[in-house]
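An overview of the molecular structure
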Amino acid sequence: MTRHGLHRITRLRNGPRRKAIAVGVVGGSVVAGIVATMMPLLASDELSIQAVADTTATAVAQDGDNAAKTTLATCPTRCDGNPRGGREAVIEFAVTTVPAAAVNVRATLRLHAWQQFAATVTAHASPLSAREARPALASAGAALDTVTGVSKGVNEWDVSKLVTGNGTWTVSLAQSGLDTRIYWASVENRNPDLRPSLVISYDVGARPSSVTTTRPAPSPSASPTTAPKPSPTAVPTRTPTPSASTTLPTGKCGSVSAKLVPSCGAWWGMYSPASAAGGWDHGKAITDVEAQVGRKFDIVHRYHDFSNSGSNGAFPDTYETQQMREGRLMFFAWESRDFSAGTTLKWAEVYSGRQDATIDAVAGRIRATGVPVFLGFDHEPEDEPGKGSDADFVRAWRYVYERFAKAGATNAVWVWTMMGWSGHYSRYAGLYPGDRYVDWVAYDPYNFHVCNGSTVWKSPSTTVGGFYRWLDENGIGAGKPRMLAEFGTNFNSADPGAKQRWFQEFPAALKAHPKIKAAIYFNSPGMTTRTSTCDMTMNHDASALEGFSQAGRDGYLRQPTGVSR
């Protein structure tokens, strides 16, 4: 939601509700890895399957026939004053459509709650029958995933440890931390959009007998000693960052395609702006946050201009070069403007040839890195009416792409980044340069809450889901990986723990939207104003920072091939 690092706060609206029975298909190939041997993945698919039966397990006879009710219930052993009033929701799914060649199967349980609760709910493999009227509570099976803080609306649990393919799978939900009942929509609910569902995604390909992956070690080099000029910058410092475990996360494939697509899970990235107070040290701006969260980021996001000078325009600069040496992936968001001068180019000036010297110079520096890098041209062009028409944007994008190809900068991985606002849905087909010119499709979702005058609090799944569904339904960039080039959330002054829970729930939202293969937090107020009810940064207080840190520790976001190992 930025233009050269500035938020847009007037354009997000709630998208259409996710349909519980929607099925999306992704085509495309994920091929050679970065100096890696990778299984031949032929396609990726996603299914959403409704439950076939559900009930509430309890010893409370007054509940009657729980298998016929429109709601399920959870409650700890002591519930609403009854020392034996415990309840567990039990849900059964019949999975029959996962192909035999499916690999990397991932499954997410989705249940709807009507209210928000400060409770912890854990999904377990269940030995109980979901078809009985009121089964007796029994010892829970293996714990699968936990939601800390129940959200109003859809709540999600990663049940991939249980659901590995076709079969009949039964999950129970056990509640703690709140001794009153929480009600959930059941399969009998009259609204099919609210019924329990299981979202399954998988890759299709030959499963290898073994996969060996290596990532090239950073080449030894001295620390940068000169600051880029003329932009105000300081000498990059190699601030020590937390070491990460070398244990591979369970179920991760550990391969990366030539277009930087991880075979499982998603990259975790950060935009953290430098400042005058910090000496314009773009390296320390990242490592300071890494020290706070206890891990390195896979992707570092920076915004650059067409000045072709200083840290703003002569990129990769010394900071970014150092970050690449240390194993991070770079994402250069290249804007057709001059930040220092405050001037903006029209797209016609780009494709007319007048900017060829700048384009060729940047292409040469990108080529010289010798490693794949993410590159985007003019992110959020739908918010740039002064630059020209949508057709002008497409023509400028293709022109820049072709000049990079001519210069041999084939290591640029092209990221098409839109706002993703429903008010511009009618324009996105006309802004798409074409599959030949795009490697990743990206958008910038935010939960602004009151920062933009709204009172709506959007869950992570709601925040990322609207444009994701629109892409599926309209086929733009079909088969291409998706990225949250920017994302963020406000806090809720009426619920101090809401932002922490939002971050804790974020990995589950990504797992439920498996085409998203990278998520980059925009850690800046941007055009919003810090107030007693608005702060979009992830580290403005201890609880928000802890929630964000917990999200970054999730195995889905700790790529075994990345710096987060």
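Look a little higher up for the structure.
How each quantity is defined
Residues numbered from 1 in each chain as written. Predicted model: local features only at pLDDT ≥ 70, side-chain atom pairs only at ≥ 80, totals over all residues. Heavy atoms only, no water. Helix = DSSP H or I, 4+ residues; strand = E, 2+ residues; numbered from the N terminus. Buried < 20%, exposed > 50% of the residue type's maximum accessible area, 1.4 Å probe, protein only. Contact = heavy atoms within 4.5 Å. Areas by Shrake-Rupley, 256 points an atom, 1.4 Å probe, with all protein chains shown as cover. Expected span 1.5 Å × (residues − 1). Phe/Tyr/Trp six-rings, centres within 6.5 Å; stacked < 30°, edge-to-face > 60°. Lys NZ or Arg CZ within 6 Å of the ring centre and 35° of its normal. 1 Å grid on protein atoms, 1.4 Å probe; cavity = no way out; pocket = protein on both sides within 12 Å on 5 of 7 lines; lining within 4 Å. Points joined across faces, edges and corners; volume = space filled by probe spheres on them. Nonpolar A, V, L, I, M, F, W, Y, C, P; charged D, E, K, R; others polar. Salt bridge = Lys/Arg side-chain N within 4 Å of Asp/Glu carboxyl O. Core = buried A, V, L, I, M, F, W, Y, C linked by side-chain atoms within 4.5 Å. Pairing = 2+ DSSP bridges. Axes fitted to C-alpha atoms, helices over the stretch in contact; angles between N-to-C directions. Polar contact = N/O pair within 3.5 Å; in protein donor to acceptor, adjacent residues only side chain to side chain. Disulfide = S-S within 2.5 Å.

From N to C terminus, the chain includes 10 helices and 23 strands. In the chain, which comprises 565 residues, the proportion classed as buried is 58%. When contacts within the chain are restricted to residue pairs at least 6 apart in sequence, long-range pairs at least 24 apart make up 80% of them. Accessible surface for the chain amounts to roughly 21,300 Å². Of this, 53% is attributable to carbon and sulfur atoms.

Attention now goes to helix α10 (residues 542–553). Taking 1.5 Å of rise per residue, 12 residues should cover 16 Å, and α10 covers 16 Å from first to last C-alpha, within 8% of that figure. Burial in α10 covers these residues: A544, L545, G547, F548, S549, A551 and G552. For α10, the secondary structure elements touched by its buried residues are β13 (267–271), α1 (282–293), α9 (498–512) and β23 (516–522).

Enumeration according to the criterion identifies 40 aromatic pairs in this entry. Taken together, the ring pairs in this structure connect F306, F315, F332, W334, W347, F377, F393, W397, Y401, F404, W414 and Y437 into an aromatic cluster. Taking NZ or CZ as reference, R482 lies 4.6 Å from the ring centre of Y468, over its face.

This part takes up empty space enclosed by the protein. Sizing a probe to match a water molecule and rolling it over the atoms shows the empty space that remains. Counted by the stated rule, this structure contains five cavities of 30 Å³ or more. When its volume is computed, the second largest cavity comes out at roughly 90 Å³. In terms of lining, the second largest cavity is formed by V147, S151, V154, N155, E156, S459, P460, S461, E505, A508 and A509. Looking at the lining of the second largest cavity, the elements with two or more residues in it are β9 (153–158), α8 (460–474) and α9. Taken together, the residues that form the lining of the second largest cavity break down as five nonpolar, four polar and two charged.

A few words now on the pattern of salt bridges. Taken as a whole and assessed by the stated rule, the structure comprises 24 salt bridges. Here D390 makes a salt bridge to R427, at a shortest N to O gap of 2.5 Å. Of this pair, D390 sits in helix α6 (residues 390–407) while R427 sits in the loop between β19 (412–418) and α7 (428–431); the two residues are 37 residues apart in sequence, bridging distant segments of the chain. Relative accessible area serves as the criterion here: at 19%, D390 is assigned to the buried category. Accessibility expressed as a relative area gives 25% for R427, which makes it partly exposed. Two residues, R436 and E402, come together in a salt bridge whose shortest N-O distance is 2.7 Å. Taken together, the positions of R436 in the loop between α7 and β20 (440–443) and E402 in helix α6 put the pair 34 residues apart, joining distant regions of the chain. What makes R436 exposed here is its relative accessible area of 54%.

Let's shift gears to the nonpolar core. Most often, soluble globular proteins keep nonpolar side chains buried together rather than apart. Core analysis: the biggest nonpolar cluster contains 68 residues, and F404 and W416 have the highest contact counts within it. Of all the elements, α6 adds the most residues to this core, at six residues. Sequence-distant contacts of F404, that is, excluding residues within four places in its chain, are made with W334, I359, V362, A363, I366, L375, A409, A412 and W414. Core analysis: the second largest hydrophobic core is formed by 36 residues, A89, A102, V105 and I200 among them.

Moving on to the environment of Y556. Its location among the elements puts Y556 in the segment after α10. Owing to a relative accessible area of 5%, Y556 belongs among the buried residues under this scheme. Distance from Y556 to L510, taken between C-alpha atoms, is 8.6 Å for residues 46 residues apart in sequence.

So, about the sheet that holds strand β8 (residues 143–150). Here five strands make up an open sheet; going across it, the order is β3-β5-β10-β7-β8 and the pairing antiparallel. Sheet topology places β3 (53–58) and β8 at the edges, where each strand pairs with a single neighbour. Sheet twist, expressed as the average angle between the axes of neighbouring strands with direction ignored, equals 20°. Alignment of strand β7 (residues 117–125) against β8, held across six bridges, turns out to be antiparallel. Directly across from A123, in β8, lies its bridge partner D145.

This next bit is on helix α3 (residues 318–325). Of all the positions in α3, only Y319, E320, Q322, Q323 and M324 are classed as buried. Tucked inside the fold, the buried residues of α3 contact α1, β14 (299–304), α2 (310–313), β15 (329–334), α5 (356–369) and β18 (373–377). Here α3 starts with a cap whose side-chain oxygen sits 3.0 Å from the backbone nitrogen of Y319, and that cap is D317. G327 sits one or two residues past α3 and shows a positive phi near 100°.

The next thing to look at is the side chain of T55. Relative to the assigned elements, T55 resides in strand β3. Classification of T55 as buried rests on a relative accessible area of 0%. Within the local environment of T55, its side chain forms a polar contact with the backbone nitrogen of A67, the two atoms lying 3.4 Å apart. A distance of 2.9 Å separates a polar atom in the side chain of T55 from the backbone oxygen of E132. In this structure, T55 is in contact with N66, A67, L72, E88, A89, V90, S129, A130, E132, A133, R134 and P135, ignoring residues within four places of it in sequence.

This brings us to the state of the cysteines. Within this structure, the stated rule accounts for two disulfides. Residue pairing for C75: its cysteine sulfur links by disulfide to C79, the two sulfurs lying 2.0 Å apart. Taking the torsion about the sulfur-sulfur bond, which here is approximately 95°, the covalent link between C75 and C79 counts as right-handed. Accessibility assignment for this pair places C75 and C79 in one class, buried. Each disulfide pairs two cysteine sulfurs, and for C451 the partner residue is C534, the sulfurs being separated by 2.0 Å. An S-S torsion of about 110° defines the bridge between C451 and C534 as right-handed. Placement of C451 in the loop between β21 (446–447) and α8 and of C534 in the loop between β23 and α10 is noted, with a sequence separation of 83 residues between them.

With that settled, consider the side chain of N490. Mapping N490 onto the fold places it in the loop between β22 (482–489) and α9. On the basis of relative accessible area, N490 is assigned to the buried category, the value being 0%. A distance of 3.0 Å separates a polar side-chain atom of N490 from the backbone oxygen of T533. Of note is the side chain of N490, whose polar atom sits 2.9 Å from the backbone nitrogen of D535.

Our next topic: the pairing of β20. On β20, burial covers both faces: W440 and A442 on one face and V441 and Y443 on the other are all buried. In the sheet, β19 pairs with β20 via four bridges, with the strands oriented parallel. Among the inter-strand pairings, M418 is bridged to a residue of β20, identified as Y443. Where β20 and β22 come together, three bridges link them in parallel fashion. Along β22, the bridge assignment pairs Y443 with L484.

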